[in-house]
Amino acid sequence: MCPRRAKKLMILSRSEYLVILTPHRYRRTSTTVSSPSVRGGHAPETRPASSDVLATGIHTRLTWGNQTTSIMDISHDGNQILISTGRPDYNEYPYRKQSVYLLNARTNQLDTLWKDRLVDIQCVFSPDDSKLLIAGAADAFGQIGVKIAKGQIVNGYDTQLYIYDLNSKEVTPITKDFNPAVSNYIWHTDGNIYIVAGDTDYVYLFRYGKDGKITRIECPGDLVQKISLAQNGNT
């Protein structure tokens, strides 16, 4: 049974178990399995004996501590979970720091991708889980995404997209020369990234192709509000 105060649910692709985000004060006394804290602590790396946790109903606590924890994404193979934490820091603008972690759902191994970032980002896995599609400000990774005149200040609300290679650690900006304002994005199983972006008074659908070019997809109407793509089709 899921907690009555669950705020967010994410299900792994193999439908073996759910990741549930609950308020900090939520507690449960039934059987749980230990896992490492995202604060850097250590605990026994144990997992439920059954591979079908939805059937057993066993609850596993993944994070604890006084930091706000968010689930970013779950890999398509169900092995990795992207987790972020945030904490206030009034000594440095913008007075908040974000850390992003990669948690192995099978072994509980925790890897730190970024620690104490000053610019928040959002991440999702690529279809083959080897890369991340990242949304953040133009200065989310230093100056590689910045394209402004000398003396101008980066607009922190101007969302840019980046591709991060988990193996090489290389970050590639893909919307640096793209003027429309990005509002939504999906990395589809066909290898293309579909982007919803505002262009003056219009909101259009674009495609970032394997050739690295962004092209507009002609759609009925002038305001694309929301998109949903079939993962194994062309709809």
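In what follows, the structure referred to is the one given above.
Right, let's walk through the structure included here.

### Some thoughts on the pattern of salt bridges
Item 1. A full pass over the atoms with the stated rule returns six salt bridges.
Item 2. Lys97 is paired through a salt bridge with Glu92; the nearest N and O atoms lie 3.4 Å apart.
Item 3. Looking at Glu92, the relative accessible area reads 35%, which means it is partly exposed.
Item 4. One connected set of salt bridges, linked through shared partners, spans Asp89, Glu92 and Lys97.

### Structural notes on the environment of Gln109
Item 1. One can find Gln109 in the loop between strand S7 (96-104) and strand S8 (110-117).
Item 2. Residue classification places Gln109 among the partly exposed residues on the basis of a relative accessible area of 42%.
Item 3. It is 9.6 Å that separates the C-alpha atoms of Gln109 and Gln80, two residues lying 29 residues apart in sequence.
Item 4. Separated by 3.2 Å, the side chains of Gln109 and Asp111 make a polar contact.

### Observations regarding unusual backbone geometry
Item 1. Geometrically, the link from Tyr93 to Pro94 is a cis peptide bond, its omega value of 5 degrees lying close to zero.
Item 2. As for its placement among the helices and strands, Pro94 is situated in the loop between strand S6 (80-88) and S7.
Item 3. Of note, Asn108 is a non-glycine position whose phi angle comes to about 70 degrees, a positive value.
Item 4. Within the fold, Asn108 resides in the loop between S7 and S8.
Item 5. Although it is not a glycine, Thr200 sits at a positive phi angle of roughly 55 degrees.
Item 6. With respect to the helices and strands, the residue Thr200 is situated in the loop between strand S14 (193-199) and strand S15 (202-208).

### Focus: the packing of aromatic side chains
Item 1. Applying the stated criterion to the full structure yields seven aromatic pairs.
Item 2. Residues Tyr93 and Tyr95 carry aromatic rings whose centres are separated by 5.6 Å and whose planes lie at 90 degrees to one another, so their mutual orientation is edge-to-face.
Item 3. Taken together through their ring pairs, the aromatic side chains of Trp114, Phe141, Tyr162 and Tyr164 make up a single cluster.
Item 4. Lying across the ring of Phe141, Arg117 places its NZ or CZ 4.8 Å from the centre.

### With respect to the side chain of Thr175
Item 1. For Thr175, the position within the fold is in the loop between strand S12 (171-173) and strand S13 (181-187).
Item 2. When its relative accessible area of 1% is taken as the criterion, Thr175 is described as buried.
Item 3. A polar contact is formed between the side chain of Thr175 and the backbone nitrogen of Leu161, at a distance of 2.8 Å.
Item 4. Setting aside chain neighbours within four positions, we find Thr175 in contact with Gln160, Leu161, Val182, Ile195 and Ile214.

### Section: the sheet that holds S7
In a beta sheet, neighbouring strands pair by backbone hydrogen bonds and run either parallel or antiparallel.
Item 1. On the basis of which strands lie adjacent, the open sheet formed by four strands has the order S5-S6-S7-S8 and antiparallel pairing. If you trace the sheet from one side to the other, it starts and ends with strand S5 (68-74) and S8, each paired once. Strand-to-strand twist of the sheet, defined as the mean angle between neighbouring strand axes without regard to direction, takes the value 20 degrees.
Item 2. Pairing geometry for S5 and S6, over six bridges, is antiparallel. Paired with Ile71 across the strands is Ile83, a residue of S6.

Thresholds, definitions, all that
Residues numbered from 1 in each chain as written. Predicted model: local features only at pLDDT ≥ 70, side-chain atom pairs only at ≥ 80, totals over all residues. Heavy atoms only, no water. Salt bridge = Lys/Arg side-chain N within 4 Å of Asp/Glu carboxyl O. Buried < 20%, exposed > 50% of the residue type's maximum accessible area, 1.4 Å probe, protein only. Helix = DSSP H or I, 4+ residues; strand = E, 2+ residues; numbered from the N terminus. Polar contact = N/O pair within 3.5 Å; in protein donor to acceptor, adjacent residues only side chain to side chain. Phe/Tyr/Trp six-rings, centres within 6.5 Å; stacked < 30°, edge-to-face > 60°. Lys NZ or Arg CZ within 6 Å of the ring centre and 35° of its normal. Contact = heavy atoms within 4.5 Å. Pairing = 2+ DSSP bridges. Axes fitted to C-alpha atoms, helices over the stretch in contact; angles between N-to-C directions.

By themselves, these observations are geometric and do not establish any function.
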